[in-house]
Structure formats: structure tokens, C-alpha cells
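Each chain, letter by letter, is given below.
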Amino acid sequence: MSADLAGKTAFVTGAARGIGRACAVEFAAAGADLMLVDITRNLAGVPYPLGSQSQLDYTAELCREHGATVLTQAVDVRELAEITAAVQVAHERFGRLDVLLNNAGIAAPSGKVAHDITESEWRLMIDVDLSGAWRTIATAGRIMVTQRSGSIINVASTAGLVGYRHFAGYVAAKHGLVGLTKAVALDYAPSGVRVNALCPGSVRDSSEYEGRMLAEIARSLGVGVDEHESVFVQAQPTNKLVEPGEVAAAARWLASDDARGVTGAVVTVDGGFTAR
Ligand code: NAD
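The rules behind the values
- Residues numbered from 1 in each chain as written.
- Predicted model: local features only at pLDDT ≥ 70, side-chain atom pairs only at ≥ 80, totals over all residues.
- Pairing = 2+ DSSP bridges.
- Helix = DSSP H or I, 4+ residues; strand = E, 2+ residues; numbered from the N terminus.
- Axes fitted to C-alpha atoms, helices over the stretch in contact; angles between N-to-C directions.
- Contact = placed C-beta atoms within 7 Å.
- Buried ≥ 20, exposed ≤ 12 C-beta atoms within 10 Å, placed from the backbone.

1. Some thoughts on the sheet that holds strand S5 (residues 150–155)
- With parallel pairing, the seven strands of this open sheet are ordered in space as S3-S2-S1-S4-S5-S6-S7. With partners counted over all chains shown, the strands left at the sheet margins are strand S3 (70–74) and strand S7 (266–269), one partner each. Between one strand axis and the next, the sheet turns by 15° as a mean value, whatever way the strands run.
- Looking at chain direction, strand S1 (residues 9–13) and strand S2 (residues 33–38) are connected through five bridges and run parallel. Note that in S2 the partner of Thr13 across the bridge is Val37.
- Against the sheet, helix H4 (residues 119–147) makes contact with S1, strand S4 (99–102), S5 and strand S6 (193–200), and its axis sits at roughly 165° relative to S5, the strand it touches most.
- Taken strand by strand, helix H5 (residues 168–188) contacts S5, S6 and S7, and its axis lies near 165° from that of S6.

Right, here's the structure in full:
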């Protein structure tokens, strides 16, 4: 059996770009139909140029090239009502929900020691990167348990496994996400619903610089646009960044029945970074 998703439906958060886009396209190429969601305004409520509807539409277009049926919806993972509405639309349209990829995430604020993080910055980080995943589980998870099948993949990070200087909020949220993964895996194991964490290392950003995660982290650490990739490459045992497609291949495997014996696992796609 290959990592085949034919006949399956997947719900992907943060699908407008980056890893979320790569996973969505990978799922579509493996035969899945999709509900793709992303935020369409920035965290101050201003229309968001990058995670915008047009970016989300472009991901959908790439997925449709593989013959997938694709729905898109504006969802802020901080809003339970928005998630619930999108999950309902997907469930009504497809009649089932097989894969949930909790990918939406932010890495700011970075470059601050823990005591300099403001309370609102701290709350925001936990709200998006940790509570956002719980909210989708609270809605889609219930459907999967009733259905008695499903694969939930939480995109954590190597920051969910080890510490990074000046990243207390991100590290805490991602460690929390790994913990959430293990706890829900145990809750759902009797129902046949699998829950796993995917921990990418430093992943190459998609082409545009502005707003991309690695570039943003580098910028907040005072590293310039031109040198930002080489700074991360130096820390990699493989001497190369992880490609979004490499993360997507692992997500496809976790989503598929090939991984039927895998739950509560933490799968790293980090080029050996955490093996040191
Ligand atoms: P990215 O910034 O390119 O994409 C993140 C997406 O999430 C964007 O489309 C953004 O609009 C969306 N998003 C942000 N806040 C949201 C919200 N409140 N509601 C809905 N959508 C929201 O980043 P990426 O590199 O593709 O990262 C994707 C995931 O992978 C994140 O969870 C990140 O923490 C994780 N990760 C990334 C790296 C890396 O090196 N890029 C490494 C490890 C883990």
C-alpha cells in the first residue's frame, strides 16, 4: 500500500502559504479533497496581504490541478465560532472528515528574553500556536470520534522538543502542542482516531520575503534578508534547510493508512538538528 489519500477529505489550517500550502498540494496529489482555511486579516484586524484570500485561492488552484475538490474559508484559529462554521461546511459537503492538519502558526515575538515579553504578546502566541489546535480538535475531533476514524497532525516544531534562546513564547506553545498531541492521542486511541505531532526544523521560506516565518525570525534577531538562510543552514547537520515538500511528504504519510499503527508519535523532519 502507498501513502494514498484517495477518497479522504482533509482540513488544513494556515493553508495560504508555506508548509500549509505544500501539505495541501501534497494531499491533493495523493487524491484527497480539501477544506483550506487561513486568516484574512492581520492580528490587529487590518486586511492581511499575505495570508489573504488570494493566496488561499492560489493554494486551492494548485490543488485543483490534481483533480481535488477544494473549498476555502476565512478562519482565524483564535475564533472557535469561525472554526466550527468551516468544519461544518466541510462535513456537510464531503460527508466525512479524515485528516486535520493543524498548521496555522506564528513565531512572534522573538528576539526577546522571557521577562521582556508583554502579557499580550504571550497570550497571542499561546492563543494561535497552542489553543488554535485545541479549537479545531474540539470541533473536527468530535466528528472523527463519531466516525471512528481520522488522522490529526499537529505541526509543532523542533521548538516543541528543545529550547531556543529568545523564543520563550514559541517554545512554550510548541512544547504545549506536543503535550496536547500525546494527551489527545490517548483520549482518541479507542476510537481509531490517530493524533501525531510533526516537528519541522528550519524550513525554507516560499519565494516572497515579507512575512515569511524564517525570515521574520531572522529579522527579529537582527539578521538581514540576504544572510538569513545561511544563518540557519550553518546550524543544520545536513548543511541545508528543510524543504516544505519534505515536511509535506511526512504529513501525507501520517495522514494515510500506511501510518495506521502510529499515534501519539513525534515525527521530526529537521535534517538531524535534534539528533545532535
Ligand atoms: P508561514 O508564516 O509561511 O505560514 C503560516 C500560515 O498560518 C500563514 O498562511 C498565516 O496566515 C497562517 N496563520 C497565522 N495566524 C493564523 C490564525 N490566527 N488563523 C489562521 N491562520 C493563521 O509559516 P510556515 O513556515 O509555513 O509555518 C507553518 C507551521 O509550521 C507553523 O505552525 C510553524 O510554527 C511551523 N514551523 C515552521 C518552521 C519553519 O522553519 N518555517 C519550522 C518549524 C515549524
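2. So, the environment of Gln236
- Positionally, Gln236 belongs in the loop between helix H7 (228–234) and helix H8 (244–255).
- C-beta crowding within 10 Å serves as the criterion here: with 16 such atoms nearby, Gln236 is assigned to the partly exposed category.
- Taking C-alpha positions, Gln236 is 8.1 Å from Asp270, a pair spaced 34 residues apart along the chain.
- Sequence-distant contacts of Gln236, that is, excluding residues within four places in its chain, are made with Gly201, Ser202, Leu241, Gly271 and Phe273.

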